[in-house]
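# Examining the three-dimensional arrangement
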Amino acid sequence: MPTSFTVVPVEAQGEERQRDGRQREEEDEGDERDRGTGDGIARENSPFINCAELGRGNMYEGKNMALFEEEMDSNPMVSSLLNKLANYTNLTQGVVEHEADEDSKRKEVKGPRMGTFIGVYLPCLQNILGVILFLRLTWIVGTAGVLESFIIVFMCCACTMLTAISMSAIATNGVVPAGGSYYMISRSLGPEFGGAVGLCFYLGTTFAGAMYILGTIEILLTYISPSAAIFKVADVGEETEAMLNNMRVYGTCIVILMAIVVFVGVKYVNKLALVFLACVILSIIAIYAGVIKTAFDPPDFPICLLGNRTLSKHSFDVCAKFIERNNETKTTPLWRLFCDSSLLNATCDDYFSLNNVTEIQGIPGIMSGVLTDNLWSAYSEKGSIVEKKNQPSVAGSEESKMGGLPYVFTDITTYFTMLVGIYFPSVTGIMAGSNRSGDLKDAQKSIPTGTILAISTTSFIYLSCIVLFGACIEGVILRDKFGEAVNGNLVVGTLAWPSPWVIVIGSFFSTCGAGLQSLTGAPRLLQAIARDGIVPFIQIFGHGKANGEPTWALLLTVGICEIGILIASLDSVAPILSMFFLMCYMFVNLACAVQTLLRTPNWRPRFKYYHWTLSFLGMSLCLALMFICSWYYALIAMLIAGCIYKYIEYRGAEKEWGDGIRGLSLNAARYALLRVEDGPPHTKNWRPQLLVLLNLDNEQLVKHPRLLSFTSQLKAGKGLTIVGSVLQGIYLDKCTETQKAEENVKALMSVEKTKGFCQIVVSPNFRDGISYLIQSAGLGGMKHNTVLMAWPQSWKQAENRFSWKNFVDTVRETTSAQQALLVAKNIDLFPTNQERFTEGNIDVWWIVHDGGMLMLLPFLLRQHKVWRKCKMRIFTVAQMDDNSIQMKKDLQMFLYHLRLNAQVEVVEMFENDISAFTYEKTLMMEQRSQMLKQMQLSKNEREREAQLIHDKNTASRSAPAVEASVAAAVPEKVQMTWTKEKFVAEKHKNKDPNVSGFKDIFNMKPNQSNVRRMHTAVKLNGVVLNKSQHAQLVLLNMPGPPKNRKGDENYMEFLEVLTEGLDRVLLVRGSGREVITIYS
């Protein structure tokens, strides 16, 4: 149908709304006087509709969304949500999000400003290129050869490239706040993995700082100012020890100085980052320029060789044995180093005498063909001389001492795996871009592009440098770690153009900057972990200065960094941090693989060029590199991470981050449940899977906490435990009470260390709720097979909702469901988990075969420290026709095959006449039952009549009259304490033709079946009391309820008589299947 409408400008709309608002207010005031609150639904004058925020934004006009009016308090308008998400300040009020508490502490993010090049590419370049490139890459090429060096670099670069692909997928799967790699791992793999790997990453970053500082000192003392050394070389062969001591002293001073700089002016460190990066880039350009120059004009760096041995030029300047001067042959300083005098007829070293001194160019140039000599490896032992391949040499006598001679020696034993550990730190730093995700203009585009480009660039630089070094530099120079053969020059510097000082100064500033960056970043990472609250013992490091600077974390970082400096050897520190970085990268790959394989709905990365096989390959490569670098360091790092993991699992705060491990656990649980569903467990795998039925009071507190103590003692954390309870009522009315009850039960389970699940059921009828639990608790194959409950001590009291009727029906239902039943009588006398029985017995009374349940339960209990020192005794009953001696032998053999240690005793119970006491107890029991039926009491009155007649019959054996007191007054004030006279008077008083006459219950005879049952209960109780009155626990076969439901109340009496006088009793009713076997 046609609809007329008018377009009103915004200003007009505002004025019109004001007029309408005033009119509505007047109308509402009039309406409120005429009608009450009505249906209670908020109208246009509700506080929500007229709130200031919505009034300003005109986001919600009362009648437009009235259908969703009541939803607005918890679910915001879409326009409001999108507006806040676009501004990325904090999450909207009313949205309950898993990061709500953490995000509320974060400040509003400033406007993004950095792109891919400045924000990701350059920081990654700066972090990847560093000290190893300048100080160790030439030595690695000379030692491992070009081919093996190429393999080392390729493996490490492939590892970081695969990790970068995985990291890009994780980083583009939503917004990554500050925290970088730690945030990604913890939110993908959970707090346990996140905390463990985060701390490992922190330790790696800290040791990286130590490595950079050691590199700085090595450049300073070896190549810039050797005279600045504090410890001088006194004797030959002490060079290494003196160098390490110098590094310890200088390193301690520099780390303190850097810590002060970071503490006072961290902003200056960030501003100088580009300066340090410029030093690195200029140094690399100088290397490539020098390589190009060697093609037509190689630099002049002569090397002195004695035979094929390289000589150090620290102690001489002329590479010759003697020189001609003024037609006279004179010896050189080199002669005096090998001979005992400067005379030509002096006694010289044997090798010196037999071999000539030659001089070759250290940098022959890229066109010289030296590449073929450097292709293969030249590993050596510690203290061996650096020798040139394919150089003629005559071996001297073995007795010649080489300690004080000016040879170039190797300072450590070299092999392939050790070089991998030393080199790997040079490819770390790929996380620099993701760590700055909050400052990027478009993080989901910049992080993958910038990181992968940076890795590609640095991989090309490293791989090309390997080939170029091998093609330009002589092998003995490459293996000369500290440049002793080239007058103490940095080996890379000898290749650089225009001067070696470009590399020396550039590498010095780059290592200084990298050290400062490590000391700046590591404390912030530790602070982020501490503020998450997942590792309790480091929470103090979450505090800092007023501006948020992590003061305490900085102090710890400096302390750990000092440990690395005291090690003092760059080659020893590098493998340590390699372990921590490799472990971090391994878990980044694992996180991506897990998320991809789980296919969780939230896994929607914008970066599409990933696959779980690549992540798995990266993870495997990281693990392999860990053990290739150093298997013992790898085991130590994994042990540290494992200890942190278990600590967080045991003591850490519970965090729900929607992590992949939780999803993996759900998938694994689903898979296992589907497998278990195939059939019932084998007898060898059977164990009691418990459904514990608890009774709650009016405050929703557990009435019998000892029942959970007994559960934990029986289960010891193994198998399934479901703790259930029933609230009477309707679920819609009982939601709050249900939550409170569940919290109380879970709190008690935590205190009692009961590992399991809690299930609270609300039912209009308490009896039906118990039935629901027995039928439906559990899932699939993980269902309970045993029900544990407490004996209803006050079953005779009318106000007890767990009355004898409910109890007997529960017994019947467990039997129908083919489940075992355990009933703990006098549960409040059972021990707590803190008690210890130092002696005593657990007595088993095996009356009928129940599938072995009675044998298995004491064995399980004795695994717990409460019952461990108790001895197990098994009693069985012999009848008149049984051979008790043979029974005992058979039982002992049976227990031997079951591998159970227990004392066996056969008790003889012969038939005799039924005692007067038994006859009297049966008669009184039936009189009470018959009396209730004949009086035709109403239902309420029958419930109040639960404690009639029988209160004193257990104490007295001669009282003919039965008395009982009533807990609550009967509305009609019926006299409920009976004597024969009162009963006769009441009978005549209420005489009515419509009511049938009463039987004379005092002249009735008891039912013979009941007499026999009572006789068994009395007789058996006497035997048990005689043998087990002082036992710590008595386990008894629980007889089944009568098939005729009319005798249910009598059944409770039988059980009372059977267990009378015993402190702790566990009535056991089997499930009808064998639960213990003699077979292996």
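Conventions used here
- Residues numbered from 1 in each chain as written.
- Predicted model: local features only at pLDDT ≥ 70, side-chain atom pairs only at ≥ 80, totals over all residues.
- Heavy atoms only, no water.
- Helix = DSSP H or I, 4+ residues; strand = E, 2+ residues; numbered from the N terminus.
- Contact = heavy atoms within 4.5 Å.
- Areas by Shrake-Rupley, 256 points an atom, 1.4 Å probe, with all protein chains shown as cover.
- Core = buried A, V, L, I, M, F, W, Y, C linked by side-chain atoms within 4.5 Å.
- Buried < 20%, exposed > 50% of the residue type's maximum accessible area, 1.4 Å probe, protein only.
- Disulfide = S-S within 2.5 Å.
- Salt bridge = Lys/Arg side-chain N within 4 Å of Asp/Glu carboxyl O.
- Pairing = 2+ DSSP bridges.
- Axes fitted to C-alpha atoms, helices over the stretch in contact; angles between N-to-C directions.
- Patch = residues over 30% accessible without salt bridge, like charges linked within 9 Å, V, L, I, M, F, W, Y side chains within 5 Å.
- Lys, Arg positive; Asp, Glu negative; His and termini not counted.
- Charge placed at Lys NZ, Arg CZ, Asp CG, Glu CD.
- Left-handed = near helix turned anticlockwise from the far one by under 90°.
- Nonpolar A, V, L, I, M, F, W, Y, C, P; charged D, E, K, R; others polar.
- Parallel < 35°, antiparallel > 145°, perpendicular 65-115°, else oblique.
- Polar contact = N/O pair within 3.5 Å; in protein donor to acceptor, adjacent residues only side chain to side chain.
- Expected span 1.5 Å × (residues − 1).

## Considering the overall build of the protein
Helix and strand content of the protein: 35 helices and 15 strands. Pairs at least 24 residues apart make up 79% of the contacts formed inside the protein by residues separated by at least 6 positions. Roughly 53500 Å² of accessible area belongs to the protein as shown, and the carbon and sulfur atoms make up 56% of that amount.

## As for the nonpolar core
Formed by 164 residues in total, the largest nonpolar core has its most connected members in M211, Y423, F424, M431, Y462 and F469. With 23 residues, helix α8 (residues 180–224) is the largest single contributor of residues to this core. Every residue in contact with F469, bar those within four places of it in the chain, is listed here: L137, T138, V141, I287, L478, V492 and L495.

## Remarks on the state of the cysteines
Evaluation of the coordinates by the stated rule reveals 2 disulfides. In this model, C304 is linked to C319 through a disulfide, with the two sulfur atoms separated by 1.9 Å. Linking C304 and C319, the disulfide has an S-S dihedral of approximately 85° and is accordingly described as right-handed. Remark: C319 occurs in the loop between β2 (309–310) and β3 (322–325) and C304 occurs in strand β1 (residues 302–306); sequence separation between them is 15 residues.

## A word on the pattern of salt bridges
Summed over the entire model, instances satisfying the criterion amount to 18 salt bridges. Of the charged contacts, one joins K734 and E737 as a salt bridge, the two residues approaching to 3.2 Å between their closest N and O atoms. Of the two residues, K734 and E737 are both situated in helix α26 (residues 731–751); the distance of 3 residues between them amounts to about one turn of the helix. In this structure, R873 engages D843 in a salt bridge whose closest nitrogen and oxygen atoms are separated by 2.7 Å. Placement of the pair is R873 in strand β12 (residues 871–878) and D843 in strand β11 (residues 841–846), with a sequence separation of 30 residues. Of the residues examined, R873 reaches a relative accessible area of 16% and is grouped as buried. Taken together, the shared-partner salt bridges connect R136, E218, D411, K481 and D571 into one network.

## Some details on the sheet that holds strand β14 (residues 1033–1037)
An order of β8-β7-β6-β9-β10-β15-β14-β11-β12-β13 is seen for the 10 strands of this open sheet, with the pairing classed as mixed. If you trace the sheet from one side to the other, it starts and ends with β8 (757–763) and β13 (903–908), each paired once. The sheet shows a mean angle of 20° between the axes of neighbouring strands, direction not considered. By the bridge criterion, 6 bridges tie β11 to β12 in an arrangement that is parallel.

## Quick word on a nonpolar patch on the surface
Residues L623, F627, W631, Y632, L635 and M638 make up a contiguous nonpolar surface patch of about 580 Å² in total accessible area. For the nonpolar patch, the secondary structure elements donating two or more residues are α22 (612–629) and α23 (631–651). The element contributing the most residues to the nonpolar patch is α23, with 4 residues. Following the sequence through the fold, Y632 ends up in helix α23. Since its relative accessible area comes to 42%, Y632 is described here as partly exposed.

## Considering the sheet that holds β2
The antiparallel open sheet is built from 3 strands, whose spatial order is β2-β1-β5. Two strands close off the open sheet at either side, each with one partner strand: β2 and β5 (357–361). In this structure, β1 lies alongside β2, joined through 2 bridges in antiparallel fashion. Bridge assignment links L305 to a residue of β2, and that residue is T310.

## Description of the pairing of strand β4 (residues 328–331)
Pairing of β3 with β4 involves 4 bridges; the strand directions are antiparallel. Looking at the pairing, F322 lines up with T331 of β4. The antiparallel hairpin formed by β3 and β4 contains 2 residues in its connecting segment, where N326 sits at a positive phi of about 55°.

## Section: the environment of Q689
Among the structural elements, Q689 can be located in the loop between α24 (660–676) and β6 (690–693). When its relative accessible area of 17% is taken as the criterion, Q689 is described as buried. Linking Q689 and H784, residues 95 residues apart in sequence, is a C-alpha distance of 4.6 Å. Discounting chain neighbours no more than four positions away, the residues touching Q689 are K715, G719, L720, K783, H784, N785 and T786.

## Some points on the environment of V692
Take V692: it is sitting in strand β6. Residue V692 is classed as buried on the basis of its relative accessible area, which comes to 0%. For the pair V692 and T721, spaced 29 residues apart in sequence, the C-alpha to C-alpha distance is 7.4 Å. Each residue touching V692, except ones within four places of it in the same chain, is listed here: L707, L708, T711, T721, I722, V723, G724 and L788.

## Considerations on a positive patch on the surface
Together, K753, R836, K865 and R868 give the surface a local cluster of positive charge. Positionally, R836 belongs in the loop between β10 (820–825) and β11.

## Remarks on the packing of helix α5 (residues 116–128) against helix α16 (residues 443–472)
Packing of α5 against α16 leaves a shortest axis separation of 8 Å and a crossing angle of 35°. The element α5 and its partner α16 pack so that their crossing is right-handed. Two secondary-structure elements touch here, α5 through T116, V120, Y121, C124, L125 and I128 and α16 through S446, I447, T449, G450, T451, L453, A454, I455, T457, T458 and Y462. Looking at side-chain class alone, the contact of α5 with α16 contains 10 nonpolar, 7 polar and no charged residues.

## Some details on the packing of helix α27 (residues 766–776) against helix α28 (residues 804–816)
Two elements in contact, α27 and α28, have axes whose closest approach is 10 Å; the angle formed by their N-to-C orientations is 20°. The orientation of α27 relative to α28 falls into the category roughly parallel. Helix-helix and strand crossings are classified by hand; for α27 and α28 the assignment is right-handed. Residues F766, R767, I770, S771 and I774 of α27 touch α28, and the partners they reach there are N806, D809, T810, E813 and T814. When its residues are assigned to classes, the contact of α27 with α28 shows 3 nonpolar, 4 polar and 3 charged.

## Overview of the side chain of S771
Here S771 is to be found in helix α27. Within the local environment of S771, its side chain forms a polar contact with the side chain of E813, the two groups lying 3.1 Å apart.

## Comments concerning α28
Taking 1.5 Å per residue as the helical rise, α28 with its 13 residues ought to reach 18 Å, and the 18 Å between its terminal C-alpha atoms agrees with that figure. Among the residues making up α28, those that are buried are N806, F807, V808, D809, T810, V811, R812 and T814. Packed against the buried residues of α28 are β6, α27, β9 (786–790), β10, α35 (1048–1058) and β15 (1065–1069).

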